[in-house]
Every structure is written in C-alpha cells, then in structure tokens.
Amino acid sequence: TGRAGLVTGAVIGTAFAVVGLFAGHFFSPTPHIQTLIAVGMVTMGIFFPLQGWMMAIDGILIGARDYRYLAVTCTLYVTLILILANMVTPALTSDLMRTAVLWAAFNVVLMGGRGLSNGLRVRSDAWMR
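Scope of this entry: the structure provided in the associated data block. Here the structure is a predicted model, which is why all the values come from computation and not from measurement.

1. Description of the packing of helix α3 (residues 67–88) against helix α4 (residues 95–123)
Part 1 of the reasoning: Running from N to C, α3 and α4 cross one another at 155 degrees; their axes reach a closest spacing of 10 Å. On the basis of their axis angle, the class for α3 and α4 is roughly antiparallel. As for how α3 packs across α4, the hand of that crossing is right-handed. Contacts from Tyr69, Leu70, Thr73, Cys74, Tyr77, Val78, Leu80, Ile81, Leu84, Ala85 and Val88 in α3 reach Val101, Leu102, Ala105, Phe106, Val109, Leu110, Gly113, Arg114, Ser117, Asn118 and Arg121 in α4.
Part 2 of the reasoning: Looking at the contact of α3 with α4, its residues break down into 16 nonpolar, 4 polar and 2 charged.

See below:
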C-alpha cells in the first residue's frame, strides 16, 4: 500500500510540477504571482511521492478508526509548522524563498512527520485495538 502511494505520488507529482511551470497564467496576469505559483507547485510536486506514501498509510489508520492517534499527531505537526513558519519567514527577504521554504517545511514537517509517525504506528499492533 505504501509503495503504491509512493509510485502514484511520483507520477502525480511530476505532472503537478510540470503543470506548475505554466499554471500561473490561469491564476494571475502578474508575472511575480505567476512565478510564485510555479515555485509553490514545483516544490509541492517534488514532495508528492512522500505525500502519496504518507496518505496510503494514513488511509490504513483511518480505516482502522485510529482517529485519536491521528488527531493528536496531526495537531502536533500543524502546531510545529506554525511555530517554525513564524520563526523562519521573517528572516527570509524574498517572496520566492518564503514560498519555497514554507511549502518545503509543510511537506517535511507535516507530511514527513506524519509519515514517520504513521509508519511507526503501523509497524506495531497498537492501532488494531
């Protein structure tokens, strides 16, 4: 299941990143905004394999009704990313850097953290109770 999510994420992520290079024109006539959209979509596309893997494992835990665990860990990671975003973004001087760093942090902290937590969770049998 995790591998299928990883492969699917890679395929979708590649398409998302490629489309991201041109999608800005659909959202804004402003070149600066178009560039920010491209940076955000390419950054997200790079992390789609991680997201696909994490969401596949997430689906197993949701199907097992492990809601409390998922709520606690998700809240922890969202809180952490908000703290990090408030600490890091003021130091970044460029909109491009802020966009790339925020999307990368979202993926590394939230998706990566949840992937790690969920991956460890499914290795035990605690979620089956």
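2. Remarks on the side chain of Asp58
Part 1 of the reasoning: When you line up the elements, Asp58 lands in helix α2 (residues 31–63).
Part 2 of the reasoning: Asp58 has contacts with Leu70, Arg114 and Asn118, leaving out every residue within four places of it along the chain.

3. Notes on the pattern of salt bridges
Part 1 of the reasoning: According to the stated counting rule, one finds 3 salt bridges in the structure shown.
Part 2 of the reasoning: Residue Arg114 pairs with Asp58 through a salt bridge whose shortest N-O separation is 2.8 Å. Taken together, the residues span a long stretch of sequence, with Arg114 in helix α4 and Asp58 in helix α2 at a distance of 56 residues. Like Asp58, Arg114 is buried.
Part 3 of the reasoning: Linking Arg98 and Asp95 is a salt bridge whose minimum nitrogen-to-oxygen distance equals 2.4 Å. Residue Arg98 and its partner Asp95 are located together in helix α4, separated by 3 residues, close to a single helical turn.

4. Brief notes about the packing of aromatic side chains
Part 1 of the reasoning: Inspection of the entire model under this criterion finds 2 aromatic pairs.
Part 2 of the reasoning: Their ring planes at 85 degrees and their centres at 5.7 Å tell us that Trp103 and Phe106 sit as a pair that is edge-to-face. With a gap of 3 residues between them, Trp103 and Phe106 both fall in helix α4, about one helical turn apart.
Part 3 of the reasoning: Above the face of the Tyr69 ring, Arg121 is positioned so that its terminal group lies 4.1 Å from the ring centre.

Conventions and cut-offs
- Residues numbered from 1 in each chain as written.
- Predicted model: local features only at pLDDT ≥ 70, side-chain atom pairs only at ≥ 80, totals over all residues.
- Heavy atoms only, no water.
- Axes fitted to C-alpha atoms, helices over the stretch in contact; angles between N-to-C directions.
- Helix = DSSP H or I, 4+ residues; strand = E, 2+ residues; numbered from the N terminus.
- Parallel < 35°, antiparallel > 145°, perpendicular 65-115°, else oblique.
- Left-handed = near helix turned anticlockwise from the far one by under 90°.
- Contact = heavy atoms within 4.5 Å.
- Nonpolar A, V, L, I, M, F, W, Y, C, P; charged D, E, K, R; others polar.
- Salt bridge = Lys/Arg side-chain N within 4 Å of Asp/Glu carboxyl O.
- Buried < 20%, exposed > 50% of the residue type's maximum accessible area, 1.4 Å probe, protein only.
- Phe/Tyr/Trp six-rings, centres within 6.5 Å; stacked < 30°, edge-to-face > 60°.
- Lys NZ or Arg CZ within 6 Å of the ring centre and 35° of its normal.

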